[in-house]
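Below, each chain spelled out in residue letters.
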Amino acid sequence: MDTIAETIKFAGFGKKKAMAKQIQMFDDRLTDQGKTLLAVCASVKGIKQLYVTDQRILLNEIKGIVSNDERSIPLASISSINISNKLVCSSIEIVSTGNKAIIDDVPAHIALEIKSGIENLKAMTNTSTAPTSKVEKDMFDVADEIRELKDLLDDGILTQEEFDAKKKQLLGI
């Protein structure tokens, strides 16, 4: 599932363009920093957004017209990811060393996809930093491959669908 497209889809009437613009702005900033945006989710009202990169989780909360609060949680410090279901929406709680981030009112299917994606990323980064086998080395190359695919997408060589399919394949989701 493409969590970015799903998040925009569930942004609600009159908010889809604003959500798409917000996500694109984060993606551009992350690309400039050499990071890859892998997944996104947002509260139904769009006030809180969770961005998953190849290195960390960013929780952005819109506090006003010109004020945002952003928290960054490195993947390595995440100890658990919990989901609480409430009818059709869920809450995602990310617990890390001395920190907790919660985003409420996320569509349940997106919350499950985010949790699965983060767990897969953590599994890849929790392996030895000095890979001893080809399989372990390949896991460390996934983020680089996704970055290369993103460049091909940006250059118009790949379609969005091809990029999304290959990214899912690489992440095992």
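This text gives an overview of the structure that appears in the document.

Cut-offs applied
- Residues numbered from 1 in each chain as written.
- Predicted model: local features only at pLDDT ≥ 70, side-chain atom pairs only at ≥ 80, totals over all residues.
- Heavy atoms only, no water.
- Phe/Tyr/Trp six-rings, centres within 6.5 Å; stacked < 30°, edge-to-face > 60°.
- Lys NZ or Arg CZ within 6 Å of the ring centre and 35° of its normal.
- Pairing = 2+ DSSP bridges.
- Helix = DSSP H or I, 4+ residues; strand = E, 2+ residues; numbered from the N terminus.
- Axes fitted to C-alpha atoms, helices over the stretch in contact; angles between N-to-C directions.
- Contact = heavy atoms within 4.5 Å.
- Expected span 1.5 Å × (residues − 1).
- Buried < 20%, exposed > 50% of the residue type's maximum accessible area, 1.4 Å probe, protein only.
- Arc of directions from axis to C-beta.
- Patch = residues over 30% accessible without salt bridge, like charges linked within 9 Å, V, L, I, M, F, W, Y side chains within 5 Å.
- Areas by Shrake-Rupley, 256 points an atom, 1.4 Å probe, with all protein chains shown as cover.
- Salt bridge = Lys/Arg side-chain N within 4 Å of Asp/Glu carboxyl O.
- Lys, Arg positive; Asp, Glu negative; His and termini not counted.
- Charge placed at Lys NZ, Arg CZ, Asp CG, Glu CD.

What to know about the packing of aromatic side chains
Logical step 1: What the rule picks out here adds up to one aromatic pair.
Logical step 2: When the ring centre of Phe26 is taken as origin, the NZ or CZ atom of Arg29, which lies over that ring, is 4.8 Å away.

Here's the deal with the sheet that holds strand 6 (residues 89–96)
Where strands meet in a sheet, backbone hydrogen bonds hold them as pairs that are either parallel or antiparallel.
Logical step 1: If you walk across this open sheet you meet the three strands as 5-6-7, and the pairing is antiparallel. Where the open sheet ends on each side, the last strands, each with one partner, are strand 5 (78–86) and strand 7 (99–107). The sheet shows a mean angle of 15° between the axes of neighbouring strands, direction not considered.
Logical step 2: Taken together, the seven bridges between strand 6 and strand 7 define a ladder with antiparallel strand orientation. Note on strand 7: the bridge partner recorded for Val95 is Lys100.
Logical step 3: In the packing of helix 3 (residues 108–125) onto the sheet, the strands contacted are strand 5, strand 6 and strand 7, and the crossing angle to strand 5 comes to about 165°.

Details of the environment of Ile23
Logical step 1: Considering the arrangement of structural elements, one finds Ile23 in helix 2 (residues 16–32).
Logical step 2: Those residues in contact with Ile23, other than ones at most four positions away along the chain, are Ile4, Thr7, Ile8, Leu37, Val40 and Tyr51.

A closer look at the sheet that holds strand 4 (residues 68–74)
Logical step 1: If you walk across this open sheet you meet the four strands as 1-2-3-4, and the pairing is antiparallel. Of all strands in the sheet, those bounded by a partner on one side alone are strand 1 (37–42) and strand 4. When strand polarity is set aside, the average angle formed by the axes of neighbouring strands in this sheet is 15°.
Logical step 2: Both strand 1 and strand 2 (residues 48–53) contribute to a ladder of five bridges, which runs antiparallel. Counterpart to Ala39 in the pairing with strand 2 is Val52.
Logical step 3: Across the sheet, helix 3 lies against strand 1, strand 2 and strand 3 (56–62), angled at about 145° from strand 1, the strand it touches most.

Considering helix 5 (residues 160–171)
Given 3.6 residues per turn, any residue in an α-helix points the same way as the ones three and four places further on.
Logical step 1: For helix 5, which comprises twelve residues, the first-to-last C-alpha distance of 16 Å matches the rise-based estimate of 16 Å (1.5 Å per residue) to within 8%.
Logical step 2: Turning to helix 5, its buried residues are Phe163, Asp164, Lys167, Leu170 and Leu171. Buried residues in helix 5, looked at end-on, bunch into an arc of 130°, giving them a common side. Seen from the buried face of helix 5, the exposed residues on the opposite side, beyond 90 degrees, are Glu161 and Gln169.
Logical step 3: Downstream of helix 5 by one or two residues, Gly172 has phi in the positive range, about 70°.

What about a negative patch on the surface?
Logical step 1: A grouping of Glu145, Glu148, Asp151 and Asp155 is seen on the molecular surface, where their side chains present a negatively charged patch.
Logical step 2: Its location among the elements puts Glu145 in helix 4 (residues 134–154).

Some details on unusual backbone geometry
Logical step 1: Despite not being glycine, Leu87 shows a phi value in the positive range, around 55°.
Logical step 2: Residue placement: Leu87 occurs in the loop between strand 5 and strand 6.
Logical step 3: Since its relative accessible area comes to 88%, Leu87 is described here as exposed.
Logical step 4: One non-glycine residue, Asp105, lies in the positive phi region at around 60°.
Logical step 5: Summarising the element assignment, Asp105 is placed in strand 7.

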